[in-house]
Amino acid sequence: MSTEPETTEEAGPGTPDTPEAPGAETAPEPAPEPRESPAEGTDPHGAGGGFGEGEGEGEGKAEGASGGDGDGSAGRLSEAEAELAAQRVERERIERRKAEKQGAIESGTKLSGTAADLLAAVRAVESGEKPTATVFAESAPAPRRPAPEPARRPQPTPAPAVVTSGAPAQHTVESVRGVLAEGGAPEALAPQVAAALGEGADSALREDPWQLLRIGGVRPDQADGFARALLGGACGPDDERRGRAVTVWLLEQAALAGHTALDLPTLTAALDRQGVPDPDAAVQDTLAEAEALAFQDALEDPTGTAPQGADEGEGQEEERPVRVLVGLERYALAEESLADGLARLVNSLSKDAEQAWQAAADAASGDTAELVRAVAGHGLVLHTGAEAARAEPAALLDAARAVGLRAFAVCHTPDGRRRLAALPGGADADAAERGVGTVAGLLSGAEGPGRDTDGALELDLLIVLDAPQLDVESAAMLVESLPDGARMVLSGDPAVLWSAGPGRVFADLLTARACPQIASRVPDPGPIGELVSGIGIGELSQVEAPGKEVVIVPVRDAGEAVHRTVQLVVDSVPRAIGIPADQTVVITPGHGGAAGTRALNAALKERLNPGPGRFGGFDPGDRIAYAPAPGRTVPGVVVNADTEGLHLACAGAPVVVPRERVEGSVRHGWALTAHQAVGARWPAAVVVLPGDAAQALSRPWVYTAFGRAERHLSVVHGVEQALPSAVAQTLAKPRTTRLPTLLRTQVPAGG
C-alpha cells in the first residue's frame, strides 16, 4: 500500500479525461515539480503498519513540499481555503442568478418559519439529501457542525398541471392546497397529500390533520403544529387520531431502516418518546382500525430442547414463549408470501427436466461443478462469494441454456448486468442473448423471457445475483412469478450492505439453513481483493501495492478532504494511474456536511463540467445519479432538457425525467454514498472519510465502499483509528424480520 500518486497541485492544460500513454500504470510520469515525492513503500500512518495510525511521517509528506513540514502545511491550508473560496464564489453567483431570474418562482420558495422548515424537510427526503429513517436508523452519526452547503438549485418554471391516469385530480389538489394554507403548511405539498389520501383528501385532512405524517419527511412535531392550527383546542397529545398516526409513522420509519415489523415493547417505547400518553392504547387502536397487523411468533429455543410439560398424567404442555410483533400490512403480507413461495420451490421440485439437469451436472467441471449439482437436485440454492465468484453463476447459466433449459439471470444494477454478460463464455453475446437482465427489468416485463397465460415467468431456472440487495417486496414478486417446478439460485456477497428496502432476505435464508449453501472458493485478485477480503473478516491490514493499486491520502479536515478528492479525480489518478475522471467514482458516507456528496459534487462539477446549471441545476455532460424508485440508483449523464423534462442517458438507454420529478429523483453523480454505489463497480474509486464521518462507519460500509474499485482505490483518510475500529467491531445493525420464523414452520432445516 502506498502513499498518494505523485501529483501536481493544479491540472495541466490538457484534458483530464485522456488516459496516459501505455505503461503509465507501472511507471507513473514524474511530476513537473518535486512537490510530492513520498518514499516508495513508506507507511503513511506511522509505526502501526496499516490504516490505524493517523499521525506520523506520511501525514507530513502528504503534500510533500520540499521546504519541510511547516511550509507544506501552510501551502496545503492555503490551497484548501482557495478551493472553498471558489465554491463560495460559485454559490454567490448562483444566488445572484436566482435573484435576477425573471418568470415564475417555484412554489414554496418564499415561505418562512415552520412552513419553510416543513417544506425543506420533505424535499430533503425526496432528493435523498436527508435520511428518512430518523427513529430506527441503522447508524447514528454524531451531530455534525453546521457547514455551508451549496445553494439550492434554481428550478425551471413548472409546466401546466396535466391530469394523467393515476395522478390526483386538479380540483382535489386545489382543495388540499386550501387546507394546507389554512393550517400553515406549505401549499407545495398539495399534490403529494392528494395522491396519498385520494379523492376527498381535503375533508380527510381537515378531519384528521395528522394524516400529514403520510408524507415523507414530515415529523410528528410538524404535524402537531398543523393540527393545532386547524383544530385549536379540540386536539391534544392524547387525541386518538394522533396516537394512530404516530404509530403508523413509526412503523414506516422502521421499514425505512430495514425492519419488516417491530417488537411490541420497542414500538411502545418509541411512542412514549413521541409524547403519546398511553402507547398501549394507541397500538390497540391502530390494530382495531386495521392500519397495522399484530403477530405472535414462537421463540426458538436456543438449547434446541422441547419445552418441559407438566407432570405425566395431567396431559398439559407448557406454553412456548412468544414475541409480539407489529407491522404494516404491505410488508407483513410480502414476507408471508415470500415464505410461502420459497417453501413451494423447495417442496415441489420438478421431475420434468431431470434428464436435462443430469446432463448439465455431468458436463460441469471445476469450481462450477458443485453449484450445478446442487441446483440439479434442489429447487432453491444459495451461493456466496465476492466479485470473482460471479463467474460460477455465469457458468451455471451457460450450462443450463446449453442443455435446452430456460434459464435467466438478473442483477441489481445495469452495471451488474454488463459485468455478468461480459464474463468468459458470453463475450460474443450481448446481455439479452446471454440471458442476463436486471431485477427491475424482469419484473416490469422489459427484460426476460415473458410470461405464460397464468402470469408465470417461462423459466426453468432463475439466478439472482446481488441477492443481499433484495428487499422483501421485490423478493416476493420474483418468487411469486416462478412456475411450479422452477429452480432458483440466490447468489451474492453476504458482507456488503443490505437492501435499501425492508428485510434482509439473503441473510435470513443463510441463517434459516432451509436449502443447500454453496460457498465459492474463488478469491478476488490483486491488492484490492486482498484488502477487501481482510475487511470482510474484520481485519484492516497493510497490503503490498507495487502498482499503486491502493493509495492512502491523509487529511486533517473536511475542507482539505474536498480539495484532495478533486485533485485525485481530476489530475492524480488520470495521470499516474491512467484511469480518466469519467471512470472514477467518489464515495463518501453521507449527503450532508462539508465533505458530503453535495459539497463534493459541487467542487467536481466546477472542475469537470462547469456551467450555469440552466436545466434545473444541471448542464449537458453532468454526471448524475437517477433514482427511478426508492432504493434504486442508476448512474447516467445529462443530455439536454426541453418541455418534456430532463433528458438523460442511463446505462446506454435514453431516459426522460419530467421536470416536476427532477428535484426529487436526480442529483449530481460524481460523488455517491456507498448505498447508492452498491451493485456497481468502477475502474477507480476514491473513498472519502472525513473526520466527522467516524460514527457512520461500519464493517459492511467500508467493505462495500472499498469493493467498488476494480483497478485503483484511493482513500482520503481523516478518521484515524475510527476506521480500523469500525472494521473490527461495528457490524450491521440487526433488522427485525419474520422470514426465519415463517420458514421454520414450512421448510425443515437443511431443505
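No experiment lies behind these values; they were computed from the predicted model shown.

Asks: Looking at this model, I keep getting lost on the overall build of the chain. Mind explaining?
Replies: Secondary structure assignment for the chain yields 27 helices and 20 strands. Considering the chain as a whole, with its 751 residues, one finds that 51% of them fall into the buried category. For the chain, restricting intrachain contacts to residue pairs at least 6 apart in sequence, the fraction spanning at least 24 positions comes to 75%.

Asks: Help me understand the packing of aromatic side chains in this model?
Replies: The description of an aromatic ring pair uses the distance of the two centres, along with the angle that the planes make with each other. One pass over the full model with this rule turns up 0 aromatic pairs. Lying across the ring of Phe615, Arg614 places its NZ or CZ 5.2 Å from the centre. When the ring centre of Phe295 is taken as origin, the NZ or CZ atom of Arg738, which lies over that ring, is 3.9 Å away.

Asks: Sorry if this is basic, but what is going on with the pairing of strand S16 (residues 653-657) here?
Replies: Side chains on a regular strand alternate between the two faces of the sheet. Of the pairings in the sheet, the one linking strand S15 (residues 645-650) to S16 comprises 5 bridges and is antiparallel in character. Bridged to Ala649 within S16 is Pro654. Two successive antiparallel strands, S15 and S16, enclose a turn made up of 2 residues, where Ala651 displays a positive phi of approximately 55 degrees.

Asks: Whenever I open this one, the side chain of Ser499 confuses me. Can you help?
Replies: For Ser499, the position within the fold is in the loop between strand S9 (487-492) and helix H19 (505-512). Looking at Ser499, the relative accessible area reads 2%, which means it is buried. When sequence neighbours within four positions are dropped, the list of residues in contact with Ser499 reads Pro468, Gln469, Leu470, Asp471 and Arg735.

Asks: Can you help me understand helix H11 (residues 329-347) in this one?
Replies: Count 3.6 residues to each turn of an α-helix, and residues three or four apart come out pointing the same way. Here H11 is 19 residues long and its end C-alpha atoms lie 27 Å apart, about the 27 Å a rise of 1.5 Å per residue gives. Among the residues of H11, those classed as buried are Tyr331, Ala332, Ala334, Glu335, Ser337, Leu338, Ala339, Gly341, Leu342, Ala343, Leu345 and Val346.

Asks: I would appreciate a short explanation of the sheet that holds S9 in the present structure.
Replies: Backbone hydrogen bonds hold the strands of a sheet together, and the pairing may be parallel or antiparallel. Spatially, 6 strands are ordered S7-S6-S8-S9-S5-S10 in an open sheet, and the strand pairing comes out parallel. Each edge of the sheet is formed by a strand with only one pairing partner; in this case those strands are strand S7 (436-438) and strand S10 (517-519). Each adjacent strand pair in this sheet contributes to an overall mean axis angle of 20 degrees, direction not counted. Bridge count for strand S5 (residues 380-384) against S9 is 5 bridges, and the pairing is parallel.

Asks: Would you mind going over the packing of helix H21 (residues 558-577) against helix H22 (residues 597-608) with me for this structure?
Replies: Axis separation between H21 and H22 bottoms out at 10 Å; the angle between their running directions is 40 degrees. Considered as vectors, H21 and H22 are oriented oblique to each other. At the point where H21 passes H22, the crossing takes the right-handed sense. When H21 is examined against H22, the residues Val562, Thr565, Val566, Val569 and Val570 are found in contact with a partner set consisting of Leu600, Ala603, Leu604, Arg607 and Leu608. Looking at the contact of H21 with H22, its residues break down into 8 nonpolar, 1 polar and 1 charged.

Asks: Honestly, the sheet that holds S16 in this entry has me stumped. Any pointers?
Replies: Pairing is antiparallel across the open sheet formed by 5 strands, whose spatial order is S16-S15-S14-S13-S17. The two strands at the open ends of the sheet, each matched to only one other strand, are S16 and strand S17 (666-668). Here the average twist between neighbouring strands, direction ignored, is 40 degrees. Pairing analysis gives 5 bridges linking strand S13 (residues 623-629) to strand S14 (residues 632-642), with the strands arranged antiparallel. Paired with Ile624 across the two strands is Gly636, which belongs to S14.

Asks: Explain helix H8 (residues 240-256) here, please?
Replies: The end-to-end C-alpha separation of H8 is 24 Å, in line with the 24 Å expected for 17 residues at 1.5 Å each. Within H8, 13 of the 17 residues are buried, which leaves the element mostly enclosed by the surrounding structure. Regarding H8, its N-cap is Asp239, as a side-chain oxygen of that residue lies 2.8 Å from the backbone nitrogen of Arg241 further along. One or two residues past the end of H8 sits Gly258, with phi positive at roughly 110 degrees.

Asks: Mind showing me how you'd approach the environment of Ala627 here?
Replies: Residue position: Ala627 is located in strand S13. Given the relative accessible area of 27%, Ala627 is considered partly exposed. A C-alpha to C-alpha distance of 8.7 Å links Ala627 and Arg667, two positions 40 residues apart in sequence.

Asks: Help me out: how do you make sense of the nonpolar core in this one?
Replies: Inside soluble globular proteins, nonpolar side chains tend to come together where they are buried. Ranked by size, the top nonpolar core spans 41 residues in total, and within it Val176, Leu180, Val193, Leu205, Phe226, Leu267 and Leu271 carry the most contacts. Looking at this core, the elements with two or more residues in it are helix H4 (170-182), helix H5 (190-197), helix H6 (201-207), helix H7 (220-231), H8, helix H9 (264-273) and helix H10 (279-288). The biggest single contributor to this core is H8, with 8 residues. Ignoring any residue separated from it by four or fewer positions in sequence, one finds Phe226 in contact with Val179, Leu180, Gly183, Ala185, Leu205, Pro209 and Leu212.

Asks: Explain the pattern of salt bridges here, please?
Replies: Two side chains of opposite charge can pair, provided their charged atoms sit close to one another. What the rule picks out here adds up to 25 salt bridges. Salt-bridge contacts for Arg419 lead to Glu387; the nearest nitrogen and oxygen are separated by 2.6 Å. Separated by 32 residues along the polypeptide, Arg419 in helix H15 (residues 414-421) and Glu387 in the loop between S5 and helix H14 (391-402) bring together distant segments of the chain. In this structure Arg419 comes out as buried when scored by relative accessible area, which is 8%.

Reading guide: rules and limits
The numbers attached to residues start from 1 for each chain and follow its sequence in the written order. Given that this is a predicted model, residues contribute local features only at a pLDDT of at least 70 and side-chain atom pairs are listed and counted only at 80 or more, while totals for whole chains, interfaces and linings are drawn from all residues. With hydrogens and water stripped out, all remaining heavy atoms of the structure feed into the side-chain values. Under the DSSP-based scheme used, a helix requires at least four consecutive residues in state H or I and a strand at least two consecutive residues in state E, with every element numbered from the N terminus. Note on exposure labels: buried denotes an accessible area under 20% of the residue type's maximum, exposed denotes more than 50%, and partly exposed covers the range between, all computed with a 1.4 Å probe on protein chains only. Two residues form a contact once any of their heavy atoms are found within 4.5 Å. Two rings from Phe, Tyr or Trp (for Trp, the six-membered ring) form a pair when their centres are within 6.5 Å of each other. A pair whose planes differ by under 30 degrees is stacked, one over 60 is edge-to-face, and the rest are tilted. Placement of a positive charge over a ring is assigned whenever Lys NZ or Arg CZ falls within 6 Å of the ring centre and within 35 degrees of the normal to the ring plane. Any two strands are treated as partners once DSSP identifies two or more bridges connecting them. Given a helix with a known number of residues, its expected span is that number minus one, times 1.5 Å. Whenever a helix is involved, its axis is fitted only over the stretch in contact; in every case the axis is a line through C-alpha atoms, and angles between N-to-C directions fall within 0 to 180 degrees. Convention used here: angles under 35 degrees read as roughly parallel, angles over 145 as roughly antiparallel, angles from 65 to 115 as roughly perpendicular, and any remaining angle as oblique. Crossing chirality is assigned from the near helix's rotation relative to the far helix, an anticlockwise turn below a right angle marking it left-handed and a clockwise turn marking it right-handed. Any residue that is not Ala, Val, Leu, Ile, Met, Phe, Trp, Tyr, Cys, Pro, Asp, Glu, Lys or Arg is counted as polar, Gly included; the first ten are nonpolar and the last four charged. Polar contact criterion, stated in full: a pair of N or O atoms within 3.5 Å, where within protein one must be able to donate a hydrogen and the other to accept it, and residues adjacent in sequence count only if both atoms are side-chain atoms. Think of a nonpolar core as a cluster: buried Ala, Val, Leu, Ile, Met, Phe, Trp, Tyr and Cys residues, connected wherever their side-chain atoms sit within 4.5 Å. Salt bridge criterion: a side-chain nitrogen from Lys or Arg within 4 Å of a carboxyl oxygen from Asp or Glu.

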